[in-house]
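Inside the fold
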Amino acid sequence: MSRVYNFSAGPAVLPEEVLKEAAAEMLDYKGTGMSVMEMSHRSKAFQQIIDEAEADLRELMGIPDNYKVLFLQGGASLQFAMIPMNFMKHGTADYIVTGQWAKKAYQEACKYGRANKIASSEDRTFSYIPDCSDLPVSDDADYVYICENNTIYGTKYHKLPDTKGKPLIADVSSCFLSEPVDVEKYAMIYGGVQKNIGPAGVVIAIIREDMIPEEVDETVPTMMQYKIHADAGSLYNTPPCYGIYICGKVFKWLKSMGGLAEMKRRNEEKAAILYDFLDESRLFKGTVEKKDRSLMNVPFVTGDEELDAKFVKEATAAGLVNLKGHRTVGGMRASIYNAMPREGVEALVAFMKKFEAENA
Ligand SMILES: *Cc1c(COP(=O)(O)O)cnc(C)c1O
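A few words on the pattern of salt bridges. For the coordinates displayed, the defined rule picks out 33 salt bridges. A salt bridge links Arg3 to Glu16; the shortest N-O distance between them is 3.5 Å. Of this pair, Arg3 sits in the segment before β1 (5-6) while Glu16 sits in helix α1 (residues 16-24), placing them 13 residues apart in sequence. Given a relative accessible area of 44%, Arg3 falls into the partly exposed group. One salt bridge in this structure joins Glu179 and Lys156, with 2.7 Å as the shortest N-O distance. On the criterion of sequence distance, the pair formed by Glu179 in the loop between β8 (168-171) and β9 (188-192) and Lys156 in strand β7 (residues 155-156) is long-range, its members being 23 residues apart. Note on accessibility: Glu179 and Lys156 belong to one class, buried.

Our next topic: helix α4 (residues 100-109). Listed as buried for α4 are Gln100, Ala102, Ala105, Tyr106 and Ala109. Of the surrounding elements, those touching the buried residues of α4 are α3 (75-87), β3 (92-97), β4 (114-120) and β5 (144-147).

Another aspect to go through is the environment of Tyr275. Relative to the assigned elements, Tyr275 resides in helix α7 (residues 259-280). With 23 residues separating them along the chain, Tyr275 and Val298 place their C-alpha atoms 8.1 Å apart. Beyond its immediate sequence surroundings of up to four residues, Tyr275 is in contact with Arg293, Ser294, Asn297 and Val298.

We now examine the domain arrangement of the protein. Reports of interface size often rely on the accessible area that becomes lost once the parts have come together. Taken domain by domain, the protein holds domain 1 (16-256) and domain 2 (258-359). For domain 1 versus domain 2, the distance between C-alpha centres works out to 27 Å. Counting residues at the interface gives 29 residues for domain 1, matched by 24 residues for domain 2. When residues of domain 1 are sorted by the area they lose upon contact with domain 2, Ile152, Gly154 and Ser178 head the list and together hold 20% of the total. Summed over the shared surface of domain 1 and domain 2, the number is one salt bridge. Between Glu289 and Arg124 there is a salt bridge, with the nearest N and O atoms lying 2.9 Å from each other. At the level of elements, α2 (44-61), β6 (149-150), β7 and α6 (241-257) are the ones that each hand at least two residues to the side of domain 1 that touches domain 2.

Another point: the packing of α2 against α6. The interhelical angle for the contact between α2 and α6, taken along N-to-C directions, is 40 degrees, at an axis separation of 9 Å. Viewed along their axes, α2 and α6 adopt a mutual orientation that is oblique. Judged by the sense of rotation from one axis to the other, the crossing of α2 with α6 is left-handed. Side by side, α2 and α6 meet where Phe46, Ile49, Ile50, Glu52, Ala53, Asp56, Leu57, Glu59 and Leu60 of the first sit next to Cys241, Ile244, Tyr245, Gly248, Phe251, Lys252, Leu254 and Lys255 of the second. When its residues are assigned to classes, the contact of α2 with α6 shows 11 nonpolar, one polar and five charged.

Cut-offs applied
- Residues numbered from 1 in each chain as written.
- Predicted model: local features only at pLDDT ≥ 70, side-chain atom pairs only at ≥ 80, totals over all residues.
- Heavy atoms only, no water.
- Salt bridge = Lys/Arg side-chain N within 4 Å of Asp/Glu carboxyl O.
- Helix = DSSP H or I, 4+ residues; strand = E, 2+ residues; numbered from the N terminus.
- Buried < 20%, exposed > 50% of the residue type's maximum accessible area, 1.4 Å probe, protein only.
- Contact = heavy atoms within 4.5 Å.
- Domains from an automatic or database assignment.
- Buried area = accessible area lost by both parts, 1.4 Å probe.
- Axes fitted to C-alpha atoms, helices over the stretch in contact; angles between N-to-C directions.
- Parallel < 35°, antiparallel > 145°, perpendicular 65-115°, else oblique.
- Left-handed = near helix turned anticlockwise from the far one by under 90°.
- Nonpolar A, V, L, I, M, F, W, Y, C, P; charged D, E, K, R; others polar.

What follows is the structure in structure tokens.
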């Protein structure tokens, strides 16, 4: 067996300890004589798995009691529709468009009401976060929406927008649990877990209770009503059981590592290794404004497409895989999520130095 350093943006690297534990429990989960994939979601064993997962997540993030934690399906993309369907009570919402995922969420919301694009960084290929200190927030906005870490472009809000009192909703798919978070600043935090937490197929939504409407338009599908899932403890229908089980293991792994403050310290250290090199390199350069750099997704280019392709190919041969940039941006992108060890980033930088010496 040989593991590579996997820089995929998602589905992405998971902690080896978690994978080993899951492998050991595959045939017989804690004396049940079956795997978690094979057990009823109404069983005692599974109820304990989902209860512990929620409790551990609450502890890690410091989630207050007046917030629901929901384990949902449909990817982050289904939330693009569920959010306006449930929260556009007055038919208006404001969107800050800082990348493709925010743009898709905005476009989806346009189907259900008046969605206003109140700021955007599309003019410079989403390479920065716009100034959000004095936005034209709509008086009747039901919420203000952001994508907090832009997976494709490699930018992150280092300061949340001033929403002028309107509820803030954030897609945190690619920065989930990468650093401590003040949950009370948000009305809703959500993300697909396949970037920084677990296997694709699970979405976690953390929603302040007073946001969840008692009633929504009767045309909203039952499965797309937050209240249905909240009232049923995420067990209205069969949830993605195995995915939730792995997420639960990752939460325990994060706790054992020292929690989110420690993850932040590690993530800053890892990102600095790569950014410091990019800032001094003669061949490679980062593509986003320094002040808005993401700790999780690091895009870079040589400025020559052929050389980029050569780099990706040779890196792959050296066991540094999935470094090709998103198809819409080109170049390279290294995603260095929680589970990417420091050694992986060091190996990448060592390889970049060698490649630079050979090709610059
Ligand atoms: C990957 C990603 C999505 C889309 O996730 P799906 O689960 O594939 O729908 C949405 N938002 C962000 C920030 C992402 O990184």
